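# Structural overview for review
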Amino acid sequence: MDNTFFFMLGLILIVCIAFVFIRKYFMMKSELNNFKNQIHQIRTTDREQPITVASFGASSVELANEINALIRDLTTLAREAAENEKKMRIVMAGVSHDFRTPLTAADGYLQMIEKTLEGCRIVAEKSGGYDDNNASVSKEEADIVRKGVLEQEKELREYLGIVHEKVSYLKKLSDEFFEVTYIDAFEKVELSPVRFDTVLSDVLLAAYSVIEEKKLEMKMDIPEEKLLISADEHYLKRILENLFSNAEKYAVSFIEVTVKREDGAVRLSVKNDISGDFSPDTNHIFEPFYRAKGRSGPGSGLGLYVCKELADFMNFKIEGSIERDIFCIELVMPET
C-alpha cells in the first residue's frame, strides 16, 4: 500500500513537471513565432510600433527590449542614410547645373576665339605683309591691316579672360564638391593638435591682396599667443578660406576678425557689413546652393555648406547671425 502510494505520487509529480516543461516549450515557441511575425511586419511594412511580448517572462522581456533597441538603431541609421542620400542628390544636381552653365559659356567663347583667329589668318594671307622690299602692299594698307589685327587681338584677350574666369570658377566648384564627397566617404578623420594661430595667419595673408583691392577696412582682435586646437589642418584651412571668401564677397566697407579663448575652446568670429538689399536667412545659409535675397555676383553656393560639413566632421560648432546689417559667422573649436 505504501509503495503504491509513493509510486502514484512520484508519477503525478513527473506528469506535473512534464506538463510544466511542455507548457513552457509551447509558450516559448508561441513567443518566438510572435516575435518572428512582428519582425516580418516591421521589415515588410511601415510599422513603427515596437515589438510586444505575449508573456511577461524575464527572458522574453529582455529579448524584446534588445530587439527593439536594435530596430531603433537600424531605423536611425536608415533615416540618416536616406537624408544623406537626399542631400548628396541635391548637391550633385546643383553641381551638375553649375558645371553646365560656365562650360557652355566657355565653349561658346572658345568658338568665337577660333573664328577670330581664322579671320586674322585670312586677313594676313590677303595682305601678304608689308616691308620696304615688298611693293605689292602699300604702307597705308599694311597699317590698316595691322590696326585691325591689334583690335582683334584685344578682342581675343577679352574672350580668353572670360574663359579663364569660367575655368577658375569650375576649379573652385570641383574643389568644393571634392571636399563634400570626400568627407562623406569616411566615418571619421584623425584629429591632431594644430596651431590655429599659424593657420589663421597664413589664410589672412593670402586674403590680404583681395581685401586691399576691394578697399575694405580690416579690423583684427587676435591674441598674440600660441593657440592649439584639435583639428585636421587641411580641413581647418579650408573652413577659414571659405569664411574669408564669403566675407570678401559681401562686405561693403569692413571685415572684422576676433579670436577669444573661453571654456576650453577657441572662438573665431568673422564679421562684415552687408548692403541693405542683401538679406540672407541664417536658418538656411549652411544649406547647399542656398541663394540669399539680393545676392549678386558669382558663387557656387557651396562655401558655407562645406564649412558646416567640415566643422561637424571635426566636432566644431559653427553658427551665423545678422544684426543691424552686420553678418557674423562664429566658429567654436575645442582646445587640445
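As a starting point, this report considers the structure included with it. Sequence order sets the numbering: in each chain, residues are counted from 1 along the sequence as written. Only residues with pLDDT of at least 70 are given local features in this predicted model, and only at 80 or more are side-chain atom pairs given and counted; all residues enter the totals for whole chains, interfaces and linings. Processing note: side-chain calculations cover all non-hydrogen atoms of the structure and skip hydrogens and water entirely.

What follows deals with the sheet that holds strand β6 (residues 317-323). Backbone-to-backbone hydrogen bonds join strands into a sheet, with any given pair of strands oriented parallel or antiparallel. The five strands are arranged β2-β4-β5-β7-β6 in an open sheet whose pairing can be described as mixed. Each edge of the sheet is formed by a strand with only one pairing partner; in this case those strands are β2 (217-221) and β6. Direction aside, neighbouring strands of the sheet carry axes that sit 15 degrees apart on average. Whether two strands pair depends on DSSP finding at least two bridges between them. Strands here mean DSSP runs of E at least two residues long; helices mean DSSP runs of H or I at least four residues long; both are numbered from the N terminus. The sheet contact formed by β2 and strand β4 (residues 254-262) spans five bridges and is parallel. Bridging from a neighbouring strand, Asp221 pairs with Thr258 of β4. Only heavy atoms matter for contacts: two residues are in contact if any of them lie within 4.5 Å across the pair. For helices, the axis comes from a line fit to the C-alpha atoms of the stretch in contact; other axes are also lines fit to C-alpha atoms, and the angle between any two N-to-C directions lies between 0 and 180 degrees. The sheet strands contacting helix α5 (residues 233-250) are β2, β4, β5 (265-273), β6 and β7 (326-334), and the helix crosses β5 at an angle near 20 degrees.

Further remarks concern the nonpolar core. Here, nonpolar core refers to any group of buried Ala, Val, Leu, Ile, Met, Phe, Trp, Tyr and Cys residues whose side-chain atoms link them within 4.5 Å. Only protein chains enter the calculation, and the probe is 1.4 Å; a residue is then buried if its accessible area is under 20% of its type maximum, exposed if over 50%, and partly exposed in between. Counting 48 residues, the largest nonpolar core has Phe196, Leu268 and Phe316 as the members making the most contacts within it. Contributions of two or more residues to this core are made by α4 (196-213), β3 (228-231), α5, β4, β5, α6 (303-313) and β7. If you tally residues by element for this core, the top one is α5, at eight residues. Residues contacting Phe316, with those up to four places away along its chain left out, are Ile229, Ser230, Ala231, Leu236, Ile239, Ala311, Leu331, Val332, Met333 and Pro334. Of all hydrophobic cores here, the second largest spans six residues; its members include Ile42, Ile51, Val53 and Ile67.

Once that is clear, we can look at the packing of aromatic side chains. Any pair of Phe, Tyr and Trp rings, taking the six-membered ring for Trp, is counted once the centres come within 6.5 Å. Such a pair is stacked with planes under 30 degrees apart, edge-to-face with planes over 60 apart, and tilted for the rest. Going through the model one piece at a time under the given rule, you end up with one aromatic pair. The criterion is that NZ of a Lys, or CZ of an Arg, lies within 6 Å of the ring centre and within 35 degrees of the ring normal, and then a charge sits over that ring. Above the face of the Phe254 ring, Lys219 is positioned so that its terminal group lies 4.2 Å from the ring centre.

What follows concerns the environment of Val270. Mapped onto the secondary structure, Val270 falls in strand β5. It is 8.6 Å that separates the C-alpha atoms of Val270 and Leu331, two residues lying 61 residues apart in sequence.

Turning our attention to a nonpolar patch on the surface. Residues Phe5, Phe6, Leu9, Leu13, Ile17 and Phe21 make up a contiguous nonpolar surface patch of about 660 Å² in total accessible area. On the accessibility criterion, Phe21 (58% relative accessible area) is exposed. Excluding any residue in a salt bridge, patches collect residues exceeding 30% relative accessible area, merging like charges within 9 Å and nonpolar Val, Leu, Ile, Met, Phe, Trp and Tyr side chains within 5 Å. Residue-level accessible areas treat just the shown protein chains as cover; the underlying method is Shrake-Rupley with a 1.4 Å probe. What makes a salt bridge here is a side-chain nitrogen of Lys or Arg within 4 Å of a carboxyl oxygen of Asp or Glu, nothing more.

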